[in-house]
Structure formats: C-alpha cells, structure tokens
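Now for the letters of each chain:
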Amino acid sequence: MRLPPEPILLAARRWLEILPLSGGIPRAQALLATHKQYSDLSPTQYATALGWLRDMELLEKIGSPIPLANLVLGAIFENAAPPWVQDADELVQSPDELPSDVVSAGEVLGLDADGVYEQLVTSWGKVDTAVRERVGFAGEAALVSILNERADSRVDHVSTWSDGFGYDIAFAQGDASAHLEVKSTTRTGRFTAYLSRHEYKVMLRDPRWVLVVVRLTSDLDIAAVGSVPREWIGAAVPRDAGSFGSWASCKLEVPGEVIEERVTQLGTDVASRLPPWRTV
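A. Structural view of the overall build of the protein chain. Tallying secondary structure elements over the protein chain gives 10 helices and seven strands in all. Relative to the compact-globule value of 19 Å for 280 residues, the protein chain shows a C-alpha radius of gyration of 25 Å, a clear excess of over 25%. Here the C-alpha coordinates of the protein chain stretch approximately 80 × 45 × 35 Å along the principal axes. When each of the 280 residues of the protein chain is scored for burial, the buried share is 45%. Considering only contacts in the protein chain between residues 6 or more positions apart, those separated by 24 or more positions represent 61%. By element, 51% of the accessible surface of the protein chain is carried by carbon and sulfur atoms, the whole surface being about 14,700 Å². Considering the protein chain, the positive charge centre built from 26 side chains and the negative charge centre built from 38 side chains are found 2 Å apart.

B. The arrangement of the sheet that holds strand S5 (residues 209-216) in detail. Spatial strand order, S1-S2-S3-S5-S6: five strands in an open sheet with mixed pairing. Of all the strands in the sheet, just strand S1 (154-156) and strand S6 (222-228) have a single pairing partner and so form its edges. Direction aside, neighbouring strands of the sheet carry axes that sit 30 degrees apart on average. In terms of strand pairing, S1 meets strand S2 (residues 169-173) through three bridges, oriented antiparallel. Looking across to S2, one finds that Asp156 is bridged to Ala170. Set on the sheet, helix H7 (residues 113-147) makes contact with S1, S2, strand S3 (176-185), S5 and S6; between it and S3 the angle comes to about 145 degrees.

C. Representation of the nonpolar core. Trp15, Trp52, Leu58, Val72 and Ile76 are the most contacted members of the largest nonpolar core, which totals 43 residues. Contributing elements (two or more residues each) for this core: helix H1 (6-22), helix H2 (25-34), helix H3 (43-55), helix H4 (68-79), helix H6 (100-109) and H7. If one sorts the elements of this core by residue count, H1 sits on top with nine residues. Sequence-distant contacts of Val72, that is, excluding residues within four places in its chain, are made with Leu9, Leu16, Trp52, Leu58 and Leu109. By size, the runner-up hydrophobic cluster in this structure holds 23 residues, among which are Val158, Ala224, Val254 and Trp277.

D. Representation of a negative patch on the surface within the structure. Side chains of Glu6, Asp96, Glu97, Glu107, Asp112, Asp114 and Glu118 sit close together on the surface and give a patch of like negative charge. Tracing the chain through its elements places Glu118 in helix H7.

E. Representation of the pattern of salt bridges in the model. Scanning all chains against the criterion turns up 13 salt bridges. Here Arg187 and Asp87 are joined by a salt bridge, their closest N and O atoms 3.0 Å apart. Placement of Arg187 in the loop between S3 and strand S4 (191-196) and of Asp87 in the loop between H4 and helix H5 (88-91) is noted, with a sequence separation of 100 residues between them. Among the residues examined, Asp87 registers a relative accessible area of 17% and is labelled buried. Residues Lys183 and Glu199 are paired through a salt bridge, measuring 3.3 Å at the closest nitrogen-oxygen approach. Highlighted residues: Lys183 in strand S3 and Glu199 in helix H8 (residues 197-205), separated in sequence by 16 residues. Since its relative accessible area comes to 12%, Lys183 is described here as buried. Taking relative accessible area as the criterion, Glu199 reaches 13% and is therefore assigned buried. Several salt bridges share partner residues, and in doing so they unite Arg150, Asp152, Asp269 and Arg273 into one network.

F. H4, seen in detail. Taking 1.5 Å per residue, 12 residues should reach 16 Å; H4 reaches 16 Å between its end C-alpha atoms and fits that length. Turning to H4, its buried residues number three or more, namely Ala69, Leu71, Val72, Leu73, Gly74, Ala75, Ile76 and Phe77. Residues of H4 that are buried make contact with H1, H3, H6 and H7.

G. Expanded view of H6. Along H6, the residues that are buried comprise Val102, Val103, Ala105, Gly106, Val108 and Leu109. Structurally, H6 contributes buried residues whose contacts are with H1, H4 and H7. Phi for Gly110, located one or two positions after H6, is positive at around 105 degrees.

H. Examining the environment of Arg14 more closely. As for its placement among the helices and strands, Arg14 is situated in helix H1. Measuring from C-alpha to C-alpha, the distance between Arg14 and Leu32 comes to 8.3 Å, with 18 residues separating the pair along the chain. Setting aside residues up to four positions removed in sequence, Arg14 forms contacts with Leu32, Gln37, Tyr38, Asp40, Leu41 and Tyr46.

Calculation criteria
- Residues numbered from 1 in each chain as written.
- Predicted model: local features only at pLDDT ≥ 70, side-chain atom pairs only at ≥ 80, totals over all residues.
- Heavy atoms only, no water.
- Helix = DSSP H or I, 4+ residues; strand = E, 2+ residues; numbered from the N terminus.
- Rg over C-alpha atoms; globule rule 2.2 N^0.38 Å.
- Buried < 20%, exposed > 50% of the residue type's maximum accessible area, 1.4 Å probe, protein only.
- Contact = heavy atoms within 4.5 Å.
- Areas by Shrake-Rupley, 256 points an atom, 1.4 Å probe, with all protein chains shown as cover.
- Lys, Arg positive; Asp, Glu negative; His and termini not counted.
- Charge placed at Lys NZ, Arg CZ, Asp CG, Glu CD.
- Pairing = 2+ DSSP bridges.
- Axes fitted to C-alpha atoms, helices over the stretch in contact; angles between N-to-C directions.
- Core = buried A, V, L, I, M, F, W, Y, C linked by side-chain atoms within 4.5 Å.
- Patch = residues over 30% accessible without salt bridge, like charges linked within 9 Å, V, L, I, M, F, W, Y side chains within 5 Å.
- Salt bridge = Lys/Arg side-chain N within 4 Å of Asp/Glu carboxyl O.
- Expected span 1.5 Å × (residues − 1).

So this is what it looks like as structure tokens:
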C-alpha cells in the first residue's frame, strides 16, 4: 500500500475538520471550493480525498472522540497497512526508526514522530491480535480435520469449549496420546509464539503436552507442521526477578533450526501423514 500523497492527506484532514460543523458534504464541499483559506488545494484533490475517506470508512466515524490525526493514521495502519507494519514490533522500536514517509504523513495530520510511533504501536497491537486469533483458530481447525481422518483416532478440539486446560487439542490413537498446544502462522520467515504462564505450567506437569507449530498457506490450508522441544521452551521463557512480580505471558521467537520436523507424540502413522516442517 502506498501512503496517500501529502496534499490528499491534507485535504482529508480538512474534510474531517469541516464536516462535523458544516451540516453535510455539499456544504463542506462548497466551503472548500470557495473559501480563500482552502484554495491552496484543487477541487480534484478534495474530491480524491473524499473518495479515499469513503474507501477507508472514515466518513462513518465522524464525531468519534478519537483525535483526528490518530483516527486517520489508525485507519491507514489497520485497514491498508504497508507490508512492514506486520513486523513493526521488530523493525520499528523507537520513533527514530519510523520510515520517513510515515513521519511526513504524521506531520501533515498534526502529529510529531512520537505521536506517529504511539499510534503505530496501538494499531499494530490491534491488527496483530486480530490476525493471531483468525490464523490461530484456522490452524487448530485444519489440524483437527487431518487428525480426524483416521477412524480409530480420538480427537477433542478442547479450545472450542474451554480455554482452561492449557492446550487446544487432545489426541489419542492406539498407544499414542498427546495434548497439543497449537501455534499457527502464515508467515514464511520468523515464527513467533505467544505462551501464557498457564500453558507453560501445564507443560511442566503434563508429559503429554507438546507445542505444535503450524504453517498455513494464504488460503489457510496446512503447509507444514512441526513441534518445539520443551527443553528449548524451558530455557527461553523469562525468569521472575523477585517474589513481588511474575510473568503472565511471553513472546517466543522460535528459530527455524529449533523446530522439529515431526510431531512424534502423535505416533508414527499420524505424524507421517502431516506435511513436515521445513525451514524457509
């Protein structure tokens, strides 16, 4: 996605400033077309900005208590995010690391680099959470579907009826029995897993617990399945610094070489039916 040119952003800002006070689009349009204060932009630029506001569904948010600049930047980050935004937590860790075009867009809207960074962090968190929930459930459902292909297997998609067990799927077939905590991604590079303290504590006491990683295609079909050794997890999680504080959840950046190709806990037959994990 390309950011709108600065004149279009400026025109969009003026639309959003005037519309709540003017009584509707025709009156606001007349004001923008005739008032000397707004004559530095052309009617075409104002018309383009109005269309862009419609596309971004920002006209529906007129009257929102969110400051105008944050409203517009938030819509850009959340509805038409540039590709780098999905890795903003890793690529942009301070206002100084923001791309220059985004800083310029913020200036047009009335935000300095600190303000742009704050909005980026807010928007990235919302987008990342929504994507994780959608991809996460898709990965679980796809894995359950494959596990159910064997008539003699017993599969319980636990997370659909309880989030208190510390794992998502219970599986059993013959001598094989496993409790699968499933983390999914559509990315082909980094693998990030969010682990709760509860899930970690279940891992410590439940020998059948296993962290399963699922890579999905863009159509949310399973492309690869692997597992993360519990020894690596134990070494990677944070350590509480004292008795007055403890971690509740953590983000694990799992190196590709750590992920095992198969989920051996599922038994040889079922594990061999799943596409193995490959480092890409």
